[in-house]
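Listed below are the residues making up each chain.
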Amino acid sequence: MKKIGITCYPTVGGSGVIATELGKLLAKQGHEIHFITSSLPFRLNSVYSNIYFHEVEINHYPVFQYPPYDLALASKMAEVIDTQKLDILHVHYAMPHAICAILARDIAKHDVKIVTTLHGTDITVLGIDKSLKKMIKHGIENSDAVTAVSNSLVKQTKEMLEIEKDIEVVYNFVDENEYHFQENPVLKSQYRIANHEKVIVHISNFRKVKRVEDVIYAFKKITNRVPSKLLLIGDGPEYSEIYQLVQDLNLHNNVLFLGKQKNVAEILSIADLKLLLSEKESFGLVILEAMACGVPCIGSNVGGIPEVITNNYNGFITELGDIDMVANKAIQLLTDDKLWQQFSEHGIEHVKRNFNSKKILHQYEQLYDKTLNDG
Ligand code: GMT
C-alpha cells in the first residue's frame, strides 16, 4: 500500500471532483491519502480513517504586495513529503500545482514521485498568457508521469507546448453509487413542471467558454416545438448576462435558474436531455454524470466531448455555434420515444463499460506502480 499526496483546487469543478473521488477510491483500496489543499475538498463529506487533510495556510505579510500562495503550497508539500514519507504526490494541473510539487521535491529529503494530471485549464491559461509557456512546459516535463483526461487534450498539449513527453490518457469517471437514476415522483411537480413537459438541463460554471447563450437560443427553438422547461444548474461570471437574455427572449416562465446544487443526480433523473455546447472542453464530466443517470446528451464537436458522446448512438454531436442543428437534433430526440430509450440505455451502458470507477482506479494504480518501479 502506498502513501499518496493529492493536490487539486478543492472548490466546485470537475478536476476537484475527480481528484477527491480518486482519493476516496484509493483510500478504499487501503492506500494512505494526504490531501494538501487550501481548504477541505468539498466532496470529502464523511470520515475516512486513512484520509488526512493538510491545509495550506497563507499568511498576509505586510511586506508582500500579494500573498505567496504557491510558495506556501510548495512548502506544505515538502513538509508532508518528509513527515508522512509520501511515495507519490499526485497533482491536478501543471500550473501551478506541478511547479509547486517540483519545488517541494527539491526541498524535501524524502524521495517522492510526481504524477501530474492535466484537465485542460493549463492550455486555457496558456491561451490567455503566452509568457507562462515555459513554466507550464517545465511542470509537465519534470513530472515523473503525466496523464490527461482525453486524447484531444494530449494532442493539444503536445502541439501548443511543443513537448515530446509521454502523456497517458486516463479518462474521467463517475461515482456509480451517486450517479444513477434516482426515482423522485414529486420533484417535477415541485418545480412546477407539467407531466407532459420535457426537461432540458445545462450544468456549468457559467464561464464564457461554456456558451450558455447558445443553450438559451437553442432552447427557444426547442420549446416552440416541444413543450419543455430548461433547468440551469451552476453559477459563474456570465450568470447575469444569461439571466437578462432569458428575460429579453421572454423565456422567464420556461427557464429555471437553480444555482449551485449538491444532489445533481436527483435533478438529472427528471431530465430528458442535457446540453453542453462549450467552445473549449477537455472532457465534459457533466456529460458522463448525465449519461450515468440515463439522460441523453447533445454536445459540441469540441475537445474531448466526442470521446465521451458517441454520435447517433448515445447522444448527438453538433457543430460549434450551430443552434439550428442543436434544436433539430433535440426535437428529433424528444419526439421519438424509441430513439430516446435507445440513447438512454446506450449511455448508461457506455459509462459502465468505458468510464467506470474501478477501471479508471486500476489505471491510476498501475501508473503509480510503473512510476515507482522506473526508479
Ligand atoms: O470547465 C471548467 O471550467 C472547470 C475545469 C476544472 O478544472 O474542473 O474543467 C476541466 O476539467 C474537467 C475535469 O477533467 C473537465 O471535465 C472539463 O472539460 C475541463 N474544462 C475545460 O477544458 C474547459
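A word on the site of the ligand
Neighbouring residues of the ligand: 17 residues in total, closest Ser15, Tyr93, His119, Lys210 and Glu281. Between the ligand and Ser15 there is a distance of 2.7 Å, counted from an oxygen atom to a backbone nitrogen or oxygen. Within the side chain of His119, an N or O atom sits 2.6 Å from an oxygen atom of the ligand. Residues belonging to the shell around the ligand are distributed by class as follows: 4 nonpolar, 9 polar and 4 charged.

Details of the pattern of salt bridges
For the structure on display, the rule yields 14 salt bridges. Taking the shortest distance from any N to any O, the salt bridge between Lys3 and Glu32 comes out at 3.9 Å. On the criterion of sequence distance, the pair formed by Lys3 in strand β1 (residues 3-7) and Glu32 in strand β2 (residues 32-37) is long-range, its members being 29 residues apart. Residue classification places Glu32 among the partly exposed residues on the basis of a relative accessible area of 21%.

A look at the nonpolar core
Counting 97 residues, the largest nonpolar core has Met77, Leu89, Leu231 and Leu268 as its most contacted members. Residue contributions to this core peak at 8 residues, all from helix α2 (residues 69-84). Counting the residues that make up this core, at least three belong to each of domain 1 (3-173 + 356-373) and domain 2 (187-354). With sequence-adjacent residues up to four places away left out, Leu268 is seen in contact with Tyr179, Val201, Ile203, Lys274, Glu289, Ala290, Cys293 and Val295. Counting 33 residues, the second largest nonpolar core, distinct from the first, contains Ile222, Leu230, Leu273 and Phe316.

What about the sheet that holds β1?
Reading across from one edge, β3-β2-β1-β4-β5-β6-β7 is the order of the 7 strands in this open sheet, with parallel pairing throughout. At either margin of the open sheet sits one strand with a lone partner, and together these are β3 (51-55) and β7 (168-169). In this sheet, β2 lies alongside β1 in parallel orientation, the contact comprising 4 bridges. Its bridge partner lying in β2, Ile6 is registered against Phe35. Contacting β1, β4 (88-92), β5 (113-118), β6 (145-148) and β7, helix α15 (residues 357-373) runs over the sheet at an angle of about 145 degrees to β5.

Rules and cut-offs
- Residues numbered from 1 in each chain as written.
- Predicted model: local features only at pLDDT ≥ 70, side-chain atom pairs only at ≥ 80, totals over all residues.
- Heavy atoms only, no water.
- Near = heavy atom within 4 Å.
- Polar contact = N/O pair within 3.5 Å; in protein donor to acceptor, adjacent residues only side chain to side chain.
- Nonpolar A, V, L, I, M, F, W, Y, C, P; charged D, E, K, R; others polar.
- Salt bridge = Lys/Arg side-chain N within 4 Å of Asp/Glu carboxyl O.
- Helix = DSSP H or I, 4+ residues; strand = E, 2+ residues; numbered from the N terminus.
- Buried < 20%, exposed > 50% of the residue type's maximum accessible area, 1.4 Å probe, protein only.
- Core = buried A, V, L, I, M, F, W, Y, C linked by side-chain atoms within 4.5 Å.
- Domains from an automatic or database assignment.
- Contact = heavy atoms within 4.5 Å.
- Pairing = 2+ DSSP bridges.
- Axes fitted to C-alpha atoms, helices over the stretch in contact; angles between N-to-C directions.

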